[in-house]
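# Coordinate analysis (summary)
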Amino acid sequence: MSDEIPICSAKGCRADAVWVLAWNNPKIHTPERRKTWLACEEHREHLSRFLGVRGFLKDVVALKEWDAGQTG
């Protein structure tokens with residue numbers, strides 16, 4: 001586990017991430033594969049829409065919950 005604080009994946013944003021956007025591109029990923037983007041409060045909706053219009057967005061989870069699920 002890293003002490004580094006995760007930051008938002010939005011271009012140019014340096015804010016702390018609080019959301020995990022789990023996605024996959026069905027043209028190149030197997031159905032169970034999940035890639036992730038991190039989002040701050042300000043960019044959550046924008047990044048979700050970007051992935052959603054393409055049919056890539058699978059789930060949006062609070063970072064705390066995602067971390068707990070990954071270690072448990």
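Each value, and the rule that gives it
Per-chain numbering applies: the sequence of each chain, read as written, is numbered from 1 onward. With pLDDT at 70 or above as the cut-off, local features in this predicted model cover only qualifying residues; side-chain atom pairs require 80 or more to be listed or tallied, and sums for whole chains, interfaces and linings still use all residues. The basis for the side-chain values is all heavy atoms of the structure; hydrogens and waters are excluded. Here, a strand pair is defined by DSSP locating no fewer than two bridges between the strands. Strands here are runs of E lasting at least two residues and helices are runs of H or I lasting at least four, both read from the DSSP assignment and numbered beginning at the N terminus. Where helices are involved, their axes are fitted lines through C-alpha atoms of the stretch in contact, as for all axes, and angles between N-to-C directions lie from 0 to 180°. Only protein chains enter the calculation, and the probe is 1.4 Å; a residue is then buried if its accessible area is under 20% of its type maximum, exposed if over 50%, and partly exposed in between. Throughout, a contact is declared for two residues whenever any of their heavy atoms are within 4.5 Å. For the purposes of this section, nonpolar cores are sets of buried Ala, Val, Leu, Ile, Met, Phe, Trp, Tyr and Cys residues that join through side-chain atoms within 4.5 Å.

As summarised here, the arrangement of the three strands in space is β2-β1-β3, forming an open sheet in which the pairing is antiparallel. The open sheet has two edge strands with one neighbour each: β2 (35-39) and β3 (57-62). Looking at each pair of strands side by side, their axes are set apart by 25° on average, direction ignored. With five bridges joining them, strand β1 (residues 19-23) and β2 adopt antiparallel strand pairing. Each bridged residue has a counterpart across the sheet, and for Trp23 the counterpart in β2 is Lys35.

In this section: the side chain of His29. Here His29 is to be found in the loop between β1 and β2. Using a relative accessible area of 12% as the deciding quantity, one classes His29 as buried. With residues near it in sequence (within four places) discarded, His29 still touches Trp23, Asn24 and Lys35.

A separate point is the nonpolar core. Note that soluble globular proteins tend to have their nonpolar side chains buried in a common cluster. Listed in full, the 11 residues of the largest apolar core are Cys8, Ala10, Cys13, Trp19, Leu21, Trp23, Ala39, Cys40, Leu47, Leu51 and Phe56. Contributions of two or more residues to this core are made by β1 and α1 (44-53). Once you skip the residues sitting within four places of it in the chain, Leu47 turns out to touch Cys8, Ala10, Leu21, Trp37, Leu38 and Ala39.

All quantities given are derived from atomic positions and should not be read as evidence of function.
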